[in-house]
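# What the coordinates show
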Amino acid sequence: MKKRRNYIIFGLISVLTAAVIAGCIKHPLDQVQSGQYNTGNYWRNQNDVLAGINGIYNVLYTEDWIGHHIYAFDDQSDDIYVAGDHSDFKAIEIFNQDATQQLIGVTWSFAYEQIGRANNAILYIPKVPVMDDAIRSRSMGEAYFLRAYAYFILSEIYGDVPLITEKNVTAVDYNVAKSPIDSVRAMVESDLLKAADMLPETYGDADKGRVSKGAAWGMLCKLYMFEDRLADAITYGTKVINDANYALAGKYTDNFTIGNQESNSEILFAVWNNSQLTANVPTSAISQYFTPRSWQGWGFHQPTENFAEEFETADSVRKRATLIAVGDSVPYQLNIIQIGDADAYQMFTGMSGQSTGRMLPSMSATGYCIRKWTAFVSDGVPSHAGQIDFNLKQPLLRSADIYLLVAEAKIRQNGPGGGDAELNAVRTRAGLLPRSGATMAQLIHERRVELGGENTRWQDILRWDKDKLVNLDTIVSKPMAASPLPPYGGSVIVPARTFTRPKDYYMPIPQQIIDESKGVIKQNTNY
Amino acid sequence: MVKICFALLMTLCLQVSAHGYSQEKFSFHVRQVGAHEIFNAIQQESKYRFFYNNDYLRQLGKVDLDVTDAPLASILDQVLAGKFGYTIRDGRKVIITPVKSSAPPGSTVPGNSPAKPDTAVKGKITDEGGKPLGGVTVRLGKGGRAVQTDENGNYSIDAETGDELVISYVGYKEQRVKLDGSKNIPVQLQPNATGLADAVVVGYGTQRKRDVTGSVSTVKGDDFKNLPVSNAADALQGRASGVDIIRDDGSPGSNPSIRIRGTGTVNNSDPLVVIDGVPANGLNDVNPNDIASIEILKDASSSAIYGSRAANGVVLITTKKGNFGEQLKTTISYYNGFDKAAKYLDLLTAPDLVKLKQEAYTNDGLTVPGVWTSGAYATQKTDWQRALFNTGHTQNADFAARGGNNTSTYSFSGNYYDQKGMIDNSFFKRYSFRINSEHKVFDRLKVGENIVYSHTNGSAPNTKSSQTGLVWSAIRFNPGIPVKNPDGSWGSSKADGQLGDINNPVATADEVQKSDQFDRILANGYAELEIIKGLKLRANYGYDQSTEDFYEFDNALANQTRGPSSASLTRGSGKSWSFLEEYYLTYNKSFGSHSLNLTGGYSAQTFKGNYFNASRIGYDDTSIYQRVLNLGNSSSAGNTGFNTPSAGLQSYFVRANYAFMGKYLLTGTFRADGSSKFAPGKRWGYFPAFSAGWRVSDEDFFRDNVKAINSLKITGGWGELGNQNIGDFQYLSGIGYGGGGGLGGGGYGYSTGTGTVYQNGAYVISIANPNITWERAVMTNISAELTTLNNHLSATITYFNKNTTDMLIPYQLVETFGAQNGNGLATDDAGNISLPDLNLGKINNHGLEIELNYSNTVGKLGYSFGANGSIIRNKVTKLFGNSVYLAGPIYGRENVDISRTYEGQPVASFYGYKTAGLYQSQDDINKAADIANDPNKGNIKPGDVHFRDLNGDGIIDDKDRTRLGDPNPKFEFGVHGSMNYKGFDLSFNFAGATGFSLYDADRLVGLDATQVYNWYAEQNGRWHGAGTSNSIPRLSINNLNDNYRSSDMWVKNGAYVSLKSIALGYTIPKVTIADVKIPEIRIYVSSYNTFTITGYKGYTPELGYTNPGASGPSVQNPYAVTPGLQRGVDVAQYPTARNFTIGGTVSF
């Protein structure tokens, strides 16, 4: 009896002991990820939201995307010739694009990168428990705007594309069939309308560079032009034009000059670059790609004689702000280059062996370089002499663009002269005489010279060709030519090209996407 | 926390006064069974072991027994029924004896006549302890006459010289003694090694070998003691079937990869290593001489008790311990050996190289560069392999003191291992101290601990890079350059680009000061309480902590082509730690012919770690005393710090072993495992396993009819196991945060404001897979174990089939989530986002394993031989479909795409073009259908490689590539043996493999005429006219046919057999001379990696992984989870050295 009782006591104590100690390691499975944020432990407060929005803008710096490569598509136009060593750029320039080219692939993936970052913000910002409501609203507006911007570019480049929204993020479902371009544009419109509601009209000094209501209105105006919704384009474009916060800058060059960009009311949306000298901060590569090689750039894009000739004789302000011609100098350009035998032409005749900081013939195959994306460090520090100044902001949308879109819409709606007011605002700012009864042809000319090198020309041409406002064939069948001056002698840089309709309106969907989707995403017709 | 809990358990238990240990009691309710069956049943349930003459038991016939809770004595009285007596020795050895005085000394077995005194041979038969054994049958080899010993163990038998005595007794090994004319022949019997008492360590307990129904290989520590290896895994090579030890390189302190039953997953397929009950990370901190045994649990049933981490098998390490009631035994041992390169490659000498370089340029109509015509490098100055490989040294000293009294056991050991590699500044050192002890607090309560502290310090040069790898460099460095110039500076290739952009390998080896030190404490404490008879509660707590201190000073090598121009210092520090707690109950119960063993419990383990490192570049004073971070250039300072992902595991497990009559065996295991690597809701995996065994030889029909086979057991099992060795927190979407970046993007943040101020940003950098969960391996196992030839030969043959399902593979999502980061798939994307693994893949491994062991004693010669072999087939049965593959690393500067893992092929198969020799003439080229439409046809010249056009389009392009070979051996084997005669002992161990291919990537570079480096001597036999060669292409600098692309020209048969170790020793026994106790001394000479027989021409056919599965995170490689997707590729790894050692052991 006693023995049995002892057993019971013994057993009880043992069980108790086991129970007490069973919890030595509390909740071994509830491990917290530390030293690394995730969607579970981020998005706690306002600071997280601000950084999360910065993270969307961050993708704009990307070289393979807005930070440069997107500009290579504009080289299909008659303005600019591809001079670099990227074979895919050259193939695309002559309408020889195929689904495996790098540019076709990276544009796609970084567009969706921007969309993905925005989708995360749209998904999580509403869940942040406590934050300033104005900032929450603004941040949502920024996310919608940036998502719309990426979809707008996708629709320009590829046409029909899959629509990925915050719902797909939640479901981890990315294999989605393409939506027709009309649905993509409807999504862009819907996002931009939300953004226009949520974004402030202006920002304080610390937040300049963020997108505003004006940017959203401007993008709506542009979208509607692509949709031939002229009246809507006028409505939203006019909001920009009538708002003093988005007034044209006093000088055309203010848009492309360090120091005059940050508070410039005309710049609706730009990549807000920061100097590489200060720290290891990201910056777009556009200056690197557009600045001539001898001046520490890579010299990828060189304007054609066809483009240079488009400027009116009196249009010297815009021409000088847009093009560098042989013999031109640029402020703070301190790289001194020896004049070679091949350079001893034009103003350098007989100067072989001497040195200069001016542009030499050997720096371009056409006789010109793009000026808008080139600036040099001006801080006077000897070791910085001649270095590219990456502080140059990269405007993506300017009020002048909107003025001309509204002018175009009015001309198309009301006939020649309908857009005189908006057109002339742009012309007079450039120091030119106003026009009266401006025609569509004059509008087309104005857009070409006002926005040269800003990645608008080719999309304009495509848009106008679809509307039978221009004939693309006559444009591309004209060879791209170099300057008539020696040593170029007007040589043909790119011979006549052939544009195939409708194939060449859009790029092919990247082959990798087609393969990965296992039949869900279909290749664009004609590829 | 753990300490407090442990103390609590102790206190609570101390309040309980335990009853005295009750005598073991047994219940039987059986009718008409043989006495041996009753004895077997008792042996299974108790500590008792039976020894008897089989004839006695036959005389007893069948018996009935009906007792409940009867002590042994009363059972024996009933069974033996007064016909025989018994004695019990050491409290556990039950020896059945003739009834006292029932037979006179030397009595004969009925039917035999008594011995004649003049031809009689006499002697005493004793047990292993020297005590006499009565009733032992002593039989003559010829004629079969037999006698039995009396109760004093004496026998006397009439025999002739030349005959032999055969002594047999159940429980002991049979012995045969040749009669050489001596009249007094005493014989000491040894317990049967394959007998009942052999225990096998299984998870959470031990089991007798005869009862095991799973597939377990055991390697005893004595089999590899004093082998000059730093890592016990090296010693396992060739010793157990189904266990593949893959040596990734021969550098000091390198850890081989262990693969059990093939490569089970494309993720980390390392087995779980459990050291004295604590799951630990690898074997490299364990002194091999401290190991008592290594058990390898191979099948699902045996490893299921470790279900969560057992999919790749389990390696159980049991260290040596003292025994209760054992006198102190002290052992001191020391060895010292040297290592030499086993092989050198034949390379061109300087004059030949110059000649061939000239030919290469001339062949292409190019101007020969001045460096090859000036004669400056035409004189042989240095054999760089011999300059780099010196003599290495390995020495080891250890001591151990072990023993115990009635209530305590103790073991204390220390070890110093010091290996200096063949290459300067490559070394590995280890100091380790271990304390194991166990104490009986009461009869019912035992407590104990195992504690080991180890300090290791090592450095191995990079020998896997084809940019800077040291061996790679030595093979390629120009032989016309001296090691040092006359002015004392290092010889350099900087003078001319034609000499290659390689640094002097000797300079690199000498000028780098590197060390990676680890301090590790692996401790566990346990308490075991017997609650009621047969029911035990055990608590086990483990703590494993490792701290790392990394130091690397790279001196400036300004006169070298690759620099560095400035000296740099990197310091790193890290710590990782893991807690384990386990509670489990075991219950043993027999009722009648049934016996049941239940084990069930709870286990939890957590893992954490953190690391940081810092570096500076630029040291004005590079003296060894000024190498601190503060003295480096502060503007170059860099630092990083991070936590390794924390992880936790939680498990409930239960196992039941059931035996009926000791011959029908059943095991069922069930385990529920939770892992923090998966999302809540996906964490728990449930892993069942079953196995059954039938001891056929215990059946009467077998016993009566099959005399040749002593025992036969057939087992079979099925089970599911889990694997969670994958990246952590993949169920969450990672967010990158901070600044950083640069031209062209990157970083996380954005600049805003009129002043353009940069602000931190954040965005998603990995996509979550909320559904990620366990990989599962389903394994089937069928096995037969038998012993024959009087238990001298034991054999096991096993078939297994293992299917891994839900294998986690990096999956290619459609790239509409963002810009993907390159992640091992065939992608050249340079985006930001990593993709999670998805449970998609499948892999199959199946094969056959055979183990044979033979041991015998003939007179004073004892010998044993073992052989094992494994046939394994590996195939990835599902990936994403057959167009997508998992990429291995791209080789070197030539970007050779060597290894690809495709669905339907073995893991890491070689990939490239098929060839058909060389084109011998222009006519061959004109006629070749393979290049009929090839646009490159005009560039192909006689002497170029004839690549095969596999898709029949007449063009050689990427579409013609195919699988070229399988680096996974289809058959691996080992043969080992040991012999002892008087004081001499000899042992050896061979390992080998066949049925696999190797990829000689180093030879590809060594014959590549476009390479500016030195070439293989084989280049002398290059094609230089029709018929001169069909395998080594013409020399061409332009190489327009791309002769050196990945092709079957570089794929070789890897078959080899290697004498891994051989040792010859002599033991001087312990004696006492005039009151002076002379200890037992053994001295020996041994060799490791003695020779390899192979057709493979590189340094060694044992090439291992070039991107091994990580052995855990470290300062340099914090998130090391790279799977081994490239195997058997020769990248001029640190070759394995041949070692010769001399050593001695002194035992007091």
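As the structure is a prediction and not an experimental result, all values here were calculated from the model.

## Digging into the overall build of chain B
Scanning chain B for helices and strands turns up 14 helices and 59 strands. For 1148 residues, the compact-globule estimate of 2.2 N^0.38 gives 32 Å, and chain B sits close to it at 34 Å. Overall size of chain B, expressed as C-alpha extent along the three principal axes, is 105 × 75 × 65 Å. Relative to its full complement of 1148 residues, chain B shows a buried share of 57%. If you take every contact in chain B between residues at least 6 apart in sequence, the share linking residues at least 24 apart comes to 70%. For chain B, the accessible surface area stands at approximately 43600 Å², while carbon and sulfur atoms represent 54% of it. Positive and negative side-chain charges in chain B, numbering 108 and 107 respectively, have mean positions lying 5 Å apart.

## Some remarks on the overall build of chain A
Looking only at helices and strands, chain A has 18 helices and 13 strands in total. Split into buried and exposed, the 527 residues of chain A put 62% on the buried side. For chain A, contacts bridging at least 24 residues in sequence account for 67% of all contacts bridging at least 6. For chain A, the exposed surface amounts to about 18800 Å²; the carbon and sulfur share of it is 53%.

## What to know about the packing of helix H13 (residues 399-414) of chain A against helix H15 (residues 440-450) of chain A
All names here are of chain A. It is the contact of H13 with H15, at a shortest axis distance of 10 Å, that shows an interaxial angle of 170°. Considering the angle they form, H13 stands roughly antiparallel to H15. For the pair H13 and H15, contact is made by Ala400, Asp401, Leu404, Leu405, Ala407, Glu408, Ile411 and Arg412 and by Met440, Leu443, Glu446, Arg447 and Glu450, respectively. Each residue belonging to the contact of H13 with H15 can be placed in one class, and the counts come to seven nonpolar, no polar and six charged.

## Here we look at the nonpolar core
Nonpolar side chains in soluble globular proteins tend to be buried together. Counting residues in each nonpolar core, the largest one holds 154 residues, and the members touching the most others are Trp43, Trp65, Phe145, Tyr151, Tyr158 and Phe269 of chain A. With near-sequence residues (within four places) excluded, Trp65 of chain A lies in contact with Val59, Leu60, Ile70, Thr107, Phe110, Ala111, Gln114, Ala150 and Ile153 of chain A.

## Here we look at the sheet that holds strand S1 (residues 37-38) of chain A
Taken in spatial order, the three strands of this open sheet run S1(A)-S35(B)-S38(B), and their pairing is antiparallel. Looking at which strands have only one partner, the edges of the open sheet turn out to be S1 of chain A together with strand S38 (761-764) of chain B. Pairing analysis gives two bridges linking S1 of chain A to strand S35 (residues 734-738) of chain B, with the strands arranged antiparallel. Looking at the pairing, Tyr37 of chain A lines up with Ile735 of chain B of S35 of chain B. Strands in contact with helix H2 (residues 46-58) of chain A are S35 and S38 of chain B; relative to S38 of chain B, the strand with the most contacts, it is inclined by about 75°.

## Quick look at helix H9 (residues 230-242) of chain A
All names here are of chain A. The end-to-end C-alpha distance of H9 is 18 Å, a good match for the 18 Å that 13 residues give at a rise of 1.5 Å each. Those residues of H9 lying buried are Leu230, Ala233, Ile234, Tyr236, Gly237, Val240 and Ile241. Where H9 is buried, its residues contact helix H7 (181-198), helix H8 (213-226), strand S5 (267-271), H13 and helix H14 (420-429).

## Overview of unusual backbone geometry
Excluding glycine, residues mostly have negative phi values, and the peptide bonds linking residues are mostly trans. All names here are of chain A. A cis geometry characterises the amide bond from Arg501 onward to Pro502, with omega recorded as -5°. Examined against the element boundaries, Pro502 turns out to sit in the loop between strand S13 (492-494) and helix H18 (511-517). Positive phi outside glycine occurs at Gln296, with the angle close to 80°. Counting through the fold element by element, Gln296 comes out in the loop between helix H10 (286-290) and strand S6 (301-303).

## A short note on the interface of chain B and chain A
Of the residues lining the interface, 85 residues belong to chain B; the matching set on chain A comes to 80 residues. For the pair chain B and chain A, the summed buried surface comes to about 6600 Å²; carbon and sulfur atoms form 62% of the total. Contact with chain A buries area across many residues of chain B, yet Leu743, Tyr750 and Thr816 of chain B alone supply 12% of it, more than any other trio. Summed over the shared surface of chain B and chain A, the number is one salt bridge. Two residues, Arg683 of chain B and Asp30 of chain A, come together in a salt bridge whose shortest N-O distance is 3.4 Å.

## Thoughts on the packing of aromatic side chains
All names here are of chain A. Evaluated as defined, the whole model comprises 71 aromatic pairs over all chains. Ring centres of Tyr37 and Tyr42 lie 5.4 Å apart, and the angle between their planes is 70°; on these two criteria the pair is classed as edge-to-face. Using a relative accessible area of 27% as the deciding quantity, one classes Tyr37 as partly exposed. On the basis of relative accessible area, Tyr42 is assigned to the buried category, the value being 4%. Summarising the aromatic geometry, the rings of Tyr289 and Trp298 are spaced 5.0 Å apart at their centres and angled 85° between planes, so their arrangement reads as edge-to-face.

## Looking at the environment of Ile617 of chain B
Residue and element names in this part refer to chain B. Note that Ile617 resides in strand S30 (residues 594-617). Separated by 82 residues in sequence, Ile617 and Glu699 place their C-alpha atoms 77 Å apart. Filtering out sequence-adjacent residues up to four positions away, Ile617 remains in contact with Ser566, Ala567, Ser568, Gly632, Asn633 and Ser636.

## As for the sheet that holds strand S5 (residues 93-98) of chain B
Each strand in a sheet pairs with another by means of backbone hydrogen bonds, the pair being arranged parallel or else antiparallel. Residue and element names in this part refer to chain B. The three strands lie next to each other as S2-S5-S4, forming an open sheet whose pairing is mixed. Across the chains shown, the open sheet's two edge strands, defined by having one partner strand only, are strand S2 (49-51) and strand S4 (84-89). Strand after strand, the sheet turns through a mean of 25° between neighbouring axes, direction not considered. As paired elements, S4 and S5 share six bridges and run antiparallel to each other. Paired with Gly85 across the strands is Thr97, a residue of S5. Taken strand by strand, helix H4 (residues 72-80) contacts S2, S4 and S5, and its axis lies near 155° from that of S4.

## Considering the pairing of strand S39 (residues 775-788) of chain B
Residues and elements named next belong to chain B. Pairing of strand S34 (residues 709-723) with S39, which is carried by 14 bridges, proceeds in the antiparallel orientation. Along S39, the bridge assignment pairs Ile709 with Thr788. Pairing between S39 and strand S40 (residues 793-810): 13 bridges, direction antiparallel. Residue pairing for S40: Thr787 is matched across the bridge by Ser794.

## A closer look at a positive patch on the surface
Taken together, the side chains of Lys225, Lys329, Lys1070 and Lys1077 of chain B present a region of like positive charge at the surface. Tracing the sequence through the fold places Lys225 of chain B in the loop between strand S15 (216-220) and helix H5 (232-236).

## Let's talk about the confidence of the model for chain B
Residues and elements named next belong to chain B. Here chain B shows a mean pLDDT of 86. Residues at 70 or above account for 93%. Ignoring residues within four places in sequence, the model shows residues 101-113, a span with pLDDT below 50, making 15 contacts including any to other chains. Low pLDDT, under 50, characterises residues 823-829; the predicted model gives this stretch 21 contacts beyond four residues in sequence or across chains. ipTM for the predicted complex: 0.94, alongside a pTM of 0.80.

## Things to note about the pairing of S30 of chain B
Residue and element names in this part refer to chain B. Relative to S30, strand S29 (residues 568-591) runs antiparallel, the two being bridged by 24 bridges. What sits directly across from Ser576, in S30, is Gly609. Between S29 and S30, which pair antiparallel and follow one another directly, the connecting turn spans two residues, one of which, Gly592, has a positive phi of 60°. Pairing of S30 with strand S31 (residues 633-660), which is carried by 22 bridges, proceeds in the antiparallel orientation.

## Describing the side chain of Ser676 of chain B
Residue and element names in this part refer to chain B. Tracing the backbone shows Ser676 in the loop between strand S32 (664-675) and strand S33 (684-695). A relative accessible area of 2% means that Ser676 is categorised as buried. One polar contact links the side chain of Ser676 to the main-chain amide nitrogen of Gly648, over a distance of 2.8 Å.

## Digging into the packing of helix H5 (residues 133-157) of chain A against H8 of chain A
Residues and elements named next belong to chain A. Where H5 meets H8, the closest approach of the two axes is 11 Å, and the angle between their N-to-C directions is 25°. Taken together, the axes of H5 and H8 lie roughly parallel to each other. Crossing handedness for the pair H5 and H8: left-handed. Of the residues in H8, those in contact with Phe145, Tyr149, Phe152 and Glu156 of H5 are Ala215, Ala216, Met219, Lys222, Leu223 and Phe226. Of the residues assigned to the contact of H5 with H8, the class counts are eight nonpolar, no polar and two charged.

The rules behind each value
- For every chain, the first residue of the written sequence is number 1, and numbering continues from 1 along that sequence.
- For this description, chains carry letters from A and ligands carry numbers from 1, given in the order in which they are written.
- Note on the predicted model: pLDDT of at least 70 is required for a residue's local features to be given, and 80 or more for side-chain atom pairs to be given and counted; whole-chain, interface and lining totals, by contrast, use all residues.
- The side-chain quantities take in all heavy atoms of the structure and omit both hydrogens and water.
- Secondary structure elements follow DSSP: runs of H or I no shorter than four residues count as helices, runs of E no shorter than two count as strands, and numbering proceeds from the N terminus.
- The globule rule is 2.2 Å times the number of residues to the power 0.38, and the radius of gyration it is compared with is taken over C-alpha atoms.
- Accessibility here uses a 1.4 Å probe with only protein chains present; expressed as a share of the type maximum, an area under 20% marks a residue as buried, one over 50% as exposed, and anything in between as partly exposed.
- Contact between two residues is taken to exist if any of their heavy atoms lie within 4.5 Å; hydrogens are not considered.
- We get accessible surface area from the Shrake-Rupley algorithm with a probe of 1.4 Å; when it comes to residues, only the shown protein chains can shield them.
- Only four residue types enter the tally: Lys and Arg on the positive side, Asp and Glu on the negative side; His and the chain ends are excluded.
- Charge positions are represented by NZ for Lys, CZ for Arg, CG for Asp and CD for Glu.
- For helices, the fitted axis covers only the stretch in contact; all axes are lines through C-alpha atoms, and the angles between them, taken along N-to-C directions, range from 0 to 180 degrees.
- Here the word oblique covers every angle except those under 35 degrees (roughly parallel), over 145 (roughly antiparallel) and from 65 to 115 (roughly perpendicular).
- For this classification, the nonpolar set comprises Ala, Val, Leu, Ile, Met, Phe, Trp, Tyr, Cys and Pro, the charged set comprises Asp, Glu, Lys and Arg, and every other residue, Gly included, is treated as polar.
- Take the buried Ala, Val, Leu, Ile, Met, Phe, Trp, Tyr and Cys residues and link them wherever side-chain atoms come within 4.5 Å; each set so joined is a nonpolar core.
- Should DSSP find at least two bridges between two strands, the strands are regarded as paired.
- To estimate the expected span of a helix, subtract one from its residue number and multiply by 1.5 Å.
- As used here, buried area is the combined drop in accessible area, with a 1.4 Å probe, of two parts when they are placed together.
- For this analysis, a salt bridge means a side-chain nitrogen from Lys or Arg found within 4 Å of a carboxyl oxygen belonging to Asp or Glu.
- In summary, the pairing rule links any two rings of Phe, Tyr or Trp, Trp by its six-membered ring, whose centres are within 6.5 Å, and it sorts them by plane angle into stacked for under 30 degrees, edge-to-face for over 60 and tilted for everything else.
- Only residues whose relative accessible area exceeds 30% and that take part in no salt bridge are eligible for patches, with like-charged residues grouped when within 9 Å of each other and nonpolar side chains (Val, Leu, Ile, Met, Phe, Trp, Tyr) grouped when within 5 Å.
- pLDDT expresses, on a scale from 0 to 100, how confident the predictor is about each individual residue.
- As used in this structure description, the phrase polar contact means that two N or O atoms lie within 3.5 Å; if the pair is within protein, one of them must be able to donate a hydrogen and the other to accept it, and residues adjacent in sequence are counted only when both atoms belong to side chains.
- Handedness of a helix crossing follows the sense of rotation of the near helix relative to the far helix, less than a right angle counterclockwise being left-handed and clockwise being right-handed.

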